[in-house]
Amino acid sequence: MHKKISSITRRNFIKGTSSLMALSTFGAYGLDFTNREKPLRVGLIGTGWYGKSDLFRLMQVANVEVVSLCDVD
């Protein structure tokens, strides 16, 4: 039997690759992201609905200290 391969959309490709690039910047620390002794300092650009949701979710799963917020609107 021949299975149909679902096509990937441009949006999903960009989301996946940008997530991978962001995680790769952590290097070896990416594996120890949630078990840090000192909080991870983060800044947020774009504090609208999605940015705020992402920040709140990050605060739930990791020890973070929010050091800056920026929104152009």
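The rules we used
Residues numbered from 1 in each chain as written. Predicted model: local features only at pLDDT ≥ 70, side-chain atom pairs only at ≥ 80, totals over all residues. Heavy atoms only, no water. Helix = DSSP H or I, 4+ residues; strand = E, 2+ residues; numbered from the N terminus. Buried < 20%, exposed > 50% of the residue type's maximum accessible area, 1.4 Å probe, protein only. Contact = heavy atoms within 4.5 Å. Pairing = 2+ DSSP bridges. Right-handed = clockwise from strand over helix to strand, strands pointing away. Patch = residues over 30% accessible without salt bridge, like charges linked within 9 Å, V, L, I, M, F, W, Y side chains within 5 Å. Areas by Shrake-Rupley, 256 points an atom, 1.4 Å probe, with all protein chains shown as cover. Salt bridge = Lys/Arg side-chain N within 4 Å of Asp/Glu carboxyl O.

### With respect to the overall build of the protein chain
- Summing up its helical and strand segments, the protein chain has 2 helices and 2 strands in all.
- Its helices and strands in sequence order give the protein chain the pattern α-β-α-β, from N to C terminus.
- Counting across all 73 residues of the protein chain, residues that qualify as buried make up 10%.
- Within the protein chain, residue pairs in contact and separated by at least 24 positions form 56% of the contacts whose partners lie at least 6 positions apart.

### Considerations on the pairing of strand β2 (residues 64-70)
- As judged from the 6 bridges shared by strand β1 (residues 40-45) and β2, these two strands associate in the parallel manner. Within β2, the residue paired with Gly43 across the bridge is Ser68.
- Considered for its hand, the β-α-β crossover made up of β1, helix α2 (residues 49-61) and β2 is right-handed.

### Focus on a nonpolar patch on the surface
- On the surface, Phe56, Met59, Val66 and Leu69 cluster together to form a nonpolar patch covering roughly 380 Å² of accessible area.
- Elements with a minimum of two residues in the nonpolar patch: α2 and β2.
- By the secondary structure assignment, Leu69 is in strand β2.

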